[in-house]
Amino acid sequence: MRINYFLVGDNRGGSTAALNRVKLICRGLEEHGIECRIRFLCISTSSIKYIRYAWILKILFEILFFVSFAGKKDIFIFYGEFPFLPDLIKFKKKEAIWLVERNEYSTYQIKEGIAQKQIQKLKAGEVSLYKMDGLITCSSYLENYYKQFMSAQADSIVIPLIVDYALFQNKRIGNPEKMITYCGDFGGNKDGLPTLLEAFASLKDKYPEFKLCLIGDTADKKTIQALNLQIERLSLRERIILTGRIPHDDMPVWLSKASVLVLARPANKQAEGGIPSKLAEYLSTGRPVLVTRVGELDKYFVDEKDLFFAKPDSVTDFSIKLDYILHNYEDSRIIGMNGYRRVEEFDYKVQVLKLKRYLQEIYNS
């Protein structure tokens, strides 16, 4: 059995969270003697159409090369909303095993303003899932959504979170700094950054020694311009640390510098289906974690036992919970350590054992 993982991204680096997840999965499988190959396929972001189409053709040929010369019962896993899957599926060999991994709803379900032509392409991609042999996903919401497009014979598995627990054990620092930290996307409202900034601003005078550290890519000028406007409006310029993108191996140190780790995701369709991969890394620091209660998080974690939940889309409630954590920090640290012990269940070695059994069942069927 050999695993061939395909991911598609743009030439700005694609989805780091997705790639980190796949790397951990493949590392765990290889530790069990299963050969894995990861192919990160890069599509040009150039506005020149003929260049974009040339890149797409290159990717198609690259995938078809692997598919055509694959060994018997090679397993192919197509991660995400894979482009041109309806075209690729035509070349599927009977003996090959094709799986799809989806950790978000289809784009037209979670984003507005998509052209009708693009929606039809995305729906065609969903229809093509009928010929896939199985599904890997992160939540039961997504499992139920995607299985409606798949055959009755296609099995599925939920891998909600995955983390390199030992990496955080070895690299986390002892005492935190006076810092509240968020890591993730600065664009739009995927992670509720506007809510977080408003909540922090409401407490800035009560806790003047604390700064808000924002870890993430600062390359997109429009995104950073919008972020800076809100920072200026809230008079937070001297209280914000913008780190830029941090190498993933350095994340344990950066996250464990924080006194509190925060995530204010809004209650929307995207949050309903997904589970933020950063949450496992937050909890692996042993610091108190404050997140909004969205999706299936309360299926795995208990409020004020493993972490702290706030109401989504509520600046007031997020502010109250953050105030409580800072004001009762020694008690909050106990809860942070509970979360640290709880998240060991999501260590990649534990989660990959479940995935290995799932893959072997499909392989032997």
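Scroll up a little and you will see the structure.
Structure report, in brief. Values in this document were obtained by computation on a predicted structure and should not be read as measured data. (Residues numbered from 1 in each chain as written. Predicted model: local features only at pLDDT ≥ 70, side-chain atom pairs only at ≥ 80, totals over all residues. Heavy atoms only, no water.)

## Observations concerning the overall build of the protein
Then, in step 1: Secondary structure assignment for the protein yields 16 helices and 12 strands.
Then, in step 2: Seen through its C-alpha atoms, the protein measures out along the principal axes to roughly 65 × 45 × 35 Å.
Then, in step 3: If you take every contact in the protein between residues at least 6 apart in sequence, the share linking residues at least 24 apart comes to 72%.
Then, in step 4: Within the structure as shown, the protein displays about 17100 Å² of accessible surface, and the carbon and sulfur contribution to it stands at 51%. (Helix = DSSP H or I, 4+ residues; strand = E, 2+ residues; numbered from the N terminus. Contact = heavy atoms within 4.5 Å. Areas by Shrake-Rupley, 256 points an atom, 1.4 Å probe, with all protein chains shown as cover.)

## Some thoughts on the pairing of strand β11 (residues 289–292)
Then, in step 1: Alternating residues of β11 divide into V289 and V291 and L290 and T292, and every residue in both groups is buried.
Then, in step 2: Direction of pairing for strand β10 (residues 260–263) relative to β11: parallel, over a ladder of three bridges. Considered in β11, the bridge of V262 is made with L290.
Then, in step 3: One ladder, built from three bridges, connects β11 with strand β12 (residues 308–310); its direction is parallel. Within β12, the residue paired with V291 across the bridge is F309. (Buried < 20%, exposed > 50% of the residue type's maximum accessible area, 1.4 Å probe, protein only. Pairing = 2+ DSSP bridges.)

## Topic: the packing of aromatic side chains
Then, in step 1: With the rule as written, the count across this model stands at 14 aromatic pairs.
Then, in step 2: On the basis of an interplanar angle of 85° and a centroid distance of 5.1 Å, the ring pair of Y105 and Y145 is categorised as edge-to-face. In this pair, Y105 sits in the loop between β4 (97–102) and α4 (107–110) while Y145 sits in helix α6 (residues 140–147), placing the two residues 40 residues apart along the sequence.
Then, in step 3: Taking the relative accessible area as the measure of exposure, Y145 reaches 11% and is therefore buried.
Then, in step 4: Pairing Y145 with F149 gives two aromatic rings, centres 5.5 Å apart and planes at 75°, and the pair type is edge-to-face. (Phe/Tyr/Trp six-rings, centres within 6.5 Å; stacked < 30°, edge-to-face > 60°.)

## Topic: the sheet that holds strand β8 (residues 211–215)
The strands making up a sheet are joined through hydrogen bonds of the backbone, oriented either antiparallel or parallel.
Then, in step 1: Spatial strand order, β9-β8-β7-β10-β11-β12: six strands in an open sheet with parallel pairing. Among the strands making up the open sheet, the edge pair consists of β9 (240–244) and β12. The sheet shows a mean angle of 25° between the axes of neighbouring strands, direction not considered.
Then, in step 2: Looking at chain direction, β8 and β9 are connected through four bridges and run parallel. Paired with L214 across the two strands is L242, which belongs to β9.
Then, in step 3: Across the sheet, helix α8 (residues 193–203) is in contact with β7 (179–183), β8, β9 and β10; its angle to β8 comes to roughly 165°. (Axes fitted to C-alpha atoms, helices over the stretch in contact; angles between N-to-C directions.)

## Considerations on the nonpolar core
Then, in step 1: Formed by 65 residues in total, the largest nonpolar core has its most connected members in I180, Y182, L196, L214 and V262.
Then, in step 2: Among all residues touching Y182, those that are not within four sequence positions of it are D191, L193, L196, C213, L214, I215, V262, L263 and Y282.
Then, in step 3: In terms of nonpolar packing, the next biggest core, distinct from the first, is built from 31 residues, F66, F82, V100 and C138 among them. (Core = buried A, V, L, I, M, F, W, Y, C linked by side-chain atoms within 4.5 Å.)

## Here's the deal with the pairing of β8
Then, in step 1: Counting buried positions over the five residues of β8 gives four, a clear majority of the element.
Then, in step 2: In terms of strand pairing, β7 meets β8 through five bridges, oriented parallel. Looking at the pairing, M179 lines up with K211 of β8.
Then, in step 3: Considered for its hand, the β-α-β crossover made up of β8, helix α9 (residues 221–233) and β9 is right-handed. (Right-handed = clockwise from strand over helix to strand, strands pointing away.)

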